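# Structure assessment
Chain by chain, the residues:
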Amino acid sequence: MNRRQFIAGAGAAASLGVGRAAGKVSIALDPRDPVANAAPVEWAAKELEQTLTAHGATVSRCESIAAAASGDLCILAAGAESAAAAGILKQARVTVAAVPEALALVPAVVGKTKVVMACGHDARGLVFALLDLADRAQTAAEPLAALAVPQAIAERPANVVRSVTRLFTSDVEDKPWYNDREMWPRYLTMLAGQRFNRFNLAFGIGYDFIRQVTD
């Protein structure tokens with residue numbers, strides 16, 4: 001790459017926001033919190049971390065708000081029954097419903113630290129809360145600004161089962177996506193981010209005729 005190509009490439013990157021400092025974030029998960037310590041929650045926190053890092057933010061991990069680096073926006077991931085969540089929920093006058101997958105996103109200031117709390121009644125609710133933040137950061141021009149929830153949000157599912165089906169019916173048409181190892185993680189992550197909680201992979205004849213069909 002010569003000098004002219006380098007300058008042109010750098011200009012294109014700047015126009016897309018690549019390399020632009022997006023601020024610093026601490027993600028706090030208390031290992032004593034059984035909800036926050038669940039394996040699916042760790043996965044969702046990693047998704048949020050990767051999204052923020054890809055958009056130029058500096059992300060670190062800690063175990064509490066008090067342990068967050070000075071000046072960082074702290075994202076607290078917590079179960080709704082944890083001590084850390086209880087104080088913030090009480091201050092915000094927000095209640096997380098005691099039903100599966102209920103969640104809340106609550107802005108707060110603890111001491112001098114700006115906090116966005118993602119909490120769930122259970123692990124899946126907390127996963128959905130963290131992926132909601134990841135989606136906000138992914139789709140915003142200013143990721144950290146998108147995380148600044150202006151007012152508390154408390155939600156519970158309207159439908160207990162939210163399912164999607166993929167049908168494998170033709171080896172010619174369906175083997176390419178079925179065998180695509182890069183597609184599956186992205187696809188299933190997208191479903192989780194959109195709060196589907198069931199996935200059905202079905203095999204069978206999907207046609208109402210049998211002529212000129214390879215199955």
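Presented here is a report on the structure given in the accompanying data block. Please read these numbers as outputs of a predicted model, since none were measured by experiment. Every residue gets a number counted from 1 within its own chain, in the order that chain's sequence is written. pLDDT decides what is reported in this predicted model: residues at 70 or higher carry local features, side-chain atom pairs at 80 or more are listed and counted, and totals for whole chains, interfaces and linings draw on all residues regardless. To obtain the side-chain values, all non-hydrogen atoms of the structure were included, while hydrogens and water were left out.

## A word on the nonpolar core
Judged by nonpolar contacts, the single largest core of 32 residues is most densely connected at Leu48, Leu52, Ile75, Leu126, Leu130 and Leu133. Labels follow the DSSP assignment, with helices taken as runs of H or I lasting at least four residues and strands as runs of E lasting at least two, numbered in each case from the N terminus. Among the elements of the structure, strand S1 (24-29), helix H2 (39-54), strand S3 (73-79), strand S4 (103-110), strand S5 (113-120) and helix H4 (123-138) are those that each provide at least two residues to this core. The element that contributes the greatest number of residues to this core is H4, accounting for nine residues. In this analysis, two residues are considered to be in contact whenever any of their non-hydrogen atoms come within 4.5 Å of each other. Those residues in contact with Leu52, other than ones at most four positions away along the chain, are Val25, Ala57, Val59, Ile75, Ala137, Pro143, Leu144 and Leu147. To form a nonpolar core, buried Ala, Val, Leu, Ile, Met, Phe, Trp, Tyr and Cys residues must be joined to one another through side-chain atoms within 4.5 Å. For the exposure calls, accessible area comes from a 1.4 Å probe over protein chains only, and a residue counts as buried if that area is under 20% of its type's maximum, exposed if over 50%, partly exposed in between.

## A look at the sheet that holds strand S6 (residues 153-155)
As summarised here, the arrangement of the six strands in space is S2-S1-S3-S5-S4-S6, forming an open sheet in which the pairing is mixed. Either end of the sheet is taken by a strand with one partner, and the two such strands are strand S2 (58-62) and S6. Looking at each pair of strands side by side, their axes are set apart by 20° on average, direction ignored. Taken strand by strand, H4 contacts S3, S4, S5 and S6, and its axis lies near 130° from that of S5. Any two strands between which DSSP finds at least two bridges are classified as paired. For helices, the fitted line uses only the C-alpha atoms of the stretch in contact; every axis is such a line through C-alpha atoms, and the angle between N-to-C directions lies from 0 to 180 degrees.

## Here we look at the environment of Pro34
In this fold, Pro34 is placed in the loop between S1 and H2. Residue Pro34 is classed as exposed on the basis of its relative accessible area, which comes to 68%.

## Brief notes about helix H7 (residues 183-193)
Among the residues of H7, those classed as buried are Met183, Trp184, Tyr187, Leu191 and Ala192. Down the axis, H7 shows its buried residues gathered within 160° of arc, on one side only. Buried residues in H7 make contact with H2, H4, strand S7 (163-168), helix H6 (171-178) and strand S8 (198-203). Immediately downstream of H7, the backbone of Arg195 shows phi near 70°, a positive value. By arc we mean the arc of the directions from the helix axis to the C-beta atoms, nothing more.

## Things to note about unusual backbone geometry
Despite not being glycine, Arg93 has its phi angle at roughly 55°, a positive value. Of note, Arg93 is situated in the loop between helix H3 (83-92) and S4. Within the chain, Arg195 stands out as a residue other than glycine whose phi angle is a positive 70°. Relative to the elements of secondary structure, Arg195 occurs in the loop between H7 and S8.

## Examining H4
A helix is expected to reach a length of 1.5 Å times the quantity of its residues less one. A rise of 1.5 Å per residue sets the reference length of H4, with its 16 residues, at 22 Å; its end C-alpha atoms lie 22 Å apart and thus fit the reference within 8%. Within the sequence span of H4, burial applies to Gly125, Leu126, Val127, Phe128, Ala129, Leu130, Leu131, Asp132, Leu133, Ala134 and Ala137. Next to the buried residues of H4 lie H2, S3, S4, S5, helix H5 (143-147) and H7.

Shape is all these values report; function is a separate question.
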